Amino acid sequence: MTAAIVAFIVVLAIGAPVAVVMAISGVAGVYELGGERLVGILADRMFSGVSGYMLIAVPYFIFTAELMNQGGLTQKLIAFNNALFGRIRGALSHVNVTVSLFFAGLTGAAITDTVAIGKIMIPEMKRQGYDAEYAAAITACSSIIGPIIPPSVVMVVYATLLRDVSVIDLFAGGIIPGVLMTLALLITSMVLAWRRGYPKQAPTPLRVALLAFLSALPAMLVPLIILGGILSGMTTITEASGFAAVYAIVIGMVFYRNLTLAKVMDALVTTVKFSGVVFFLLATSAVLGWFVTRSGIARDAAALITTMSDIAFVQILLVCLLLIVIGTVMDVLPALVVIGPVVVPAMVSLGFDPLHFAIVMIVTLNIANVTPPVGMTLMTAARIAQVPYERAIVASLPFYAAFISVVVLLAGVPALSTWIPSLLD
């Protein structure tokens with residue numbers, strides 16, 4: 001165990017990619033446990049980490065998201081949501097949140113939402129008199145709804161990595177937490193908009209609002225098609241993801257007519273790059289995860305948690321705090337594959353429902369995605385807004401506090417994560 005920890009710290013400190021860090025530390029730990037005899041099977045462990053049939057859905061979901069980005073979906077959703085919220089003070093900030101809610105079902109990746117929505121919303125918010133740091137903060141914070149509301153690449157990776165809950169249950173379990181996070185953002189943005197006197201727009205005529213809805217409807221059907229097929233049992237995850245990609249091509253080329261062959265090729269290139277990162281992480285995490293299982297680290301982690309408190313609610317909050325700390329230096333997927341194999345078995349052995357803890361963990365890690373010093377979504381939004389990162393951090397604090405209240409609520413009320421999946425049994 002000592003060799004693995006030392007290797008992990010040293011390789012991470014020299015700036016190596018997280019996947020390389022996991023591979024080297026896993027090999028060091030396995031060698032310490034059983035020498036060359038165990039090291040010889042690591043290639044098999046890496047292959048098993050990426051050979052799951054369900055993982056076919058990952059590139060399909062990424063491809064679908066890129067196709068929708070290239071096909072002009074964002075503008076259609078913004079126009080529709082602007083028709084809904086235009087007459088409310090701080091309209092564009094509320095539009096920002098609700099667009100992320102609709103867009104979440106199409107991407108499943110926070111950074112994608114930040115770029116796609118931020119490039120349009122942030123300049124317009126600045127033009128209408130919103131503070132630049134506020135525009136960056138609301139964009140970044142609303143973007144982390146994406147990996148929580150299904151379909152979610154993070155959830156597919158979680159189900160493949162931990163194998164203690166099905167991806168269908170994760171998809172269903174993320175619906176209520178995603179809606180709660182959206183409501184928390186909307187309430188916070190409405191209060192801030194009222195206190196700061198942010199502008200509101202003229203009411204949208206009914207005919208214009210109806211046209212905006214009809215224009216956005218084909219795009220909004222994508223998550224419904226995916227979830228409807230999966231939750232009803234009519235399709236598997238992989239079948240639904242493949243169908244979604246075909247549907248995205250059809251509506252992008254035929255209905256919106258913004259999707260060209262060149263844009264499809266750009267989407268394919270992006271898909272290959274992002275998928276390569278995901279699969280490399282999974283392969284190397286399988287090595288580290290196998291070492292964690294054999295070494296008994298998860299058992300020791302459970303024992304450590306019980307020494308701090310024997311109250312279940314306190315235990316899960318302590319783990320959430322640990323996840324946020326880890327998330328301050330790692331992005332969501334790397335943090336998940338590093339810490340998941342350690343804390344998940346520990347929490348299950350303490351009696352926590354696997355699905356409940358999975359949802360709490362995914363939500364918390366995504367909140368860490370707007371936590372400095374890394375905070376990739378917040379950093380990206382600050383760059384788009386052309387505002388210092390430090391000012392964006394300060395502006396995000398009210399939204400961050402709202403998110404923390406949602407985490408505490410989810411940790412204390414398991415039914416918020418497990419009720420919808422229980423209806424599918």
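A few points on the structure.

Calculation notes
- The residue numbers shown here count from 1 along each chain, following its written sequence.
- Local features in this predicted model are restricted to residues whose pLDDT is 70 or higher, and side-chain atom pairs enter the listing and the counts only when it is 80 or higher, whereas totals over whole chains, interfaces and linings include all residues.
- As a rule here, side-chain values come from all non-hydrogen atoms in the structure, and water together with hydrogens is ignored.
- The secondary structure listing takes helices from DSSP runs of H or I that are at least 4 residues long and strands from runs of E that are at least 2 residues long, numbered from the N terminus.
- Residue burial is assigned from relative accessible area. The probe radius is 1.4 Å, only protein chains are included, and a residue is buried under 20% of its type maximum, exposed over 50%, and partly exposed in between.
- Should any heavy atoms of two residues lie within 4.5 Å, those residues are counted as being in contact.
- Only the protein chains shown count as cover for residues, and all accessible areas are computed by the Shrake-Rupley method using a 1.4 Å probe.
- Put simply, buried Ala, Val, Leu, Ile, Met, Phe, Trp, Tyr and Cys residues joined by side-chain atoms within 4.5 Å make one nonpolar core.
- Here the axes come from fitting lines to C-alpha atoms, over the contacting stretch only for helices, and the angles between their N-to-C directions go from 0 to 180 degrees.
- Reported orientations rely on four angle classes, namely roughly parallel under 35 degrees, roughly antiparallel over 145, roughly perpendicular from 65 to 115, and oblique for the rest.
- In this scheme the crossing of two helices becomes right-handed for a clockwise turn of the near helix relative to the far one and left-handed for an anticlockwise turn of less than a right angle.
- Multiplying one less than the number of residues by 1.5 Å gives the expected span of a helix.
- Contacts described as polar in this section are N or O atom pairs within 3.5 Å, which, within protein, must combine one atom able to donate a hydrogen with one able to accept it, while residues neighboring in sequence count only if both atoms come from side chains.
- Patches here: salt-bridge-free residues with over 30% relative accessible area, like charges joined within 9 Å, nonpolar side chains (Val, Leu, Ile, Met, Phe, Trp, Tyr) joined within 5 Å.
- Here, a salt bridge means any Lys or Arg side-chain nitrogen found within 4 Å of an Asp or Glu carboxyl oxygen.
- Centre distance within 6.5 Å is the pairing criterion for rings of Phe, Tyr and Trp, where only the six-membered ring of Trp is used; planes under 30 degrees apart are then read as stacked, over 60 as edge-to-face, and the remainder as tilted.

## A short note on the overall build of the protein chain
Secondary structure summary: the protein chain contains 22 helices and 0 strands in total. When each of the 425 residues of the protein chain is scored for burial, the buried share is 55%. In the protein chain, the proportion of contacts linking residues at least 24 apart, taken out of those at least 6 apart, comes to 79%. Counting every atom, the protein chain has about 17400 Å² of accessible surface; 70% of that belongs to carbon and sulfur.

## A closer look at the nonpolar core
Ranked by size, the top nonpolar core spans 124 residues in total, and within it Tyr158, Leu170, Phe171 and Met361 carry the most contacts. The residues touching Tyr158, leaving out its near neighbours within four places in the chain, are Arg163, Asp164, Val165, Leu170, Leu336, Val344, Pro354, Ala358, Met361 and Ile362.

## Considering the packing of helix α18 (residues 332-349) against helix α19 (residues 354-367)
As a packed pair, α18 and α19 sit with axes 11 Å apart at the nearest point and diverge in direction by 150°. Looking at the two axes, α18 sits roughly antiparallel to α19. Here α18 runs over α19; the crossing is right-handed. Of the residues in α19, those in contact with Val332, Ala335, Leu336, Ile339, Gly340, Val343, Val344, Met347 and Val348 of α18 are Pro354, Phe357, Met361, Leu365 and Asn366.

## A look at α19
The terminal C-alpha atoms of α19 lie 20 Å apart, and with 14 residues this matches the ideal 20 Å at 1.5 Å per residue to within 8%. Near the N-terminus of α19, the side chain that reaches the backbone nitrogen of Leu355, with its oxygen 3.0 Å away, is that of Asp353.

## Quick word on the side chain of Ser396
Checked against the element boundaries, Ser396 lands in helix α21 (residues 389-412). Residue Ser396 is classed as buried on the basis of its relative accessible area of 4%. At 2.7 Å, the side chain of Ser396 forms a polar contact with the backbone oxygen of Ile393.

## Regarding a nonpolar patch on the surface
On the surface, a cluster of nonpolar side chains totalling about 570 Å² of accessible area is made up of Leu304, Met308, Ile311, Phe313, Val314, Leu318 and Val408. Elements with a minimum of two residues in the nonpolar patch: α16 (297-308) and α17 (312-327). At 3 residues, α17 tops the list of elements feeding residues into the nonpolar patch.

## Some points on the packing of helix α5 (residues 57-70) against helix α14 (residues 237-255)
Orientation of α5 relative to α14, taken along the N-to-C sense of each, is 20°, at an axis distance of 8 Å. In terms of orientation, α5 and α14 fall into the roughly parallel class. By crossing handedness, the relation of α5 to α14 is classed as left-handed. Facing α5, whose interface residues are Ala57, Tyr60, Phe61, Phe63, Thr64, Leu67 and Met68, α14 presents Ile237, Thr238, Ser241, Gly242, Ala244, Ala245, Ala248, Ile249 and Ile251.

## Details of the pattern of salt bridges
A full pass over the atoms with the stated rule returns 1 salt bridge. In this structure, Arg391 engages Glu133 in a salt bridge whose closest nitrogen and oxygen atoms are separated by 2.7 Å. Taken together, the residues Arg391 in helix α21 and Glu133 in helix α9 (residues 132-143) connect sequence positions 258 residues apart.

## Describing the packing of aromatic side chains
The tally for this structure, following the rule as stated, stands at 5 aromatic pairs. Measuring from centroid to centroid gives 4.8 Å for Tyr130 and Tyr198, while their planes differ by 35°, and the two rings are tilted. Taken together, the residues Tyr130 in the loop between α8 (110-127) and α9 and Tyr198 in the loop between α12 (175-196) and α13 (206-232) connect sequence positions 68 residues apart. Tyr198 carries the same exposure label as Tyr130, and that label is buried. With a centroid separation of 5.1 Å and 85° between ring planes, the pair formed by Phe255 and Tyr256 is classed as edge-to-face. A connected cluster of aromatic rings, assembled from ring pairs, spans Tyr130, Tyr134, Tyr198 and Phe399.

## Re the environment of Thr182
Along the chain, Thr182 turns up in helix α12. Among the residues examined, Thr182 registers a relative accessible area of 4% and is labelled buried. For the pair formed by Thr182 and Val97, sequence separation is 85 residues and the distance between their alpha carbons is 6.8 Å. Once residues lying within four places of it in the same chain are set aside, the contact partners of Thr182 are Val97, Leu101 and Ile145.

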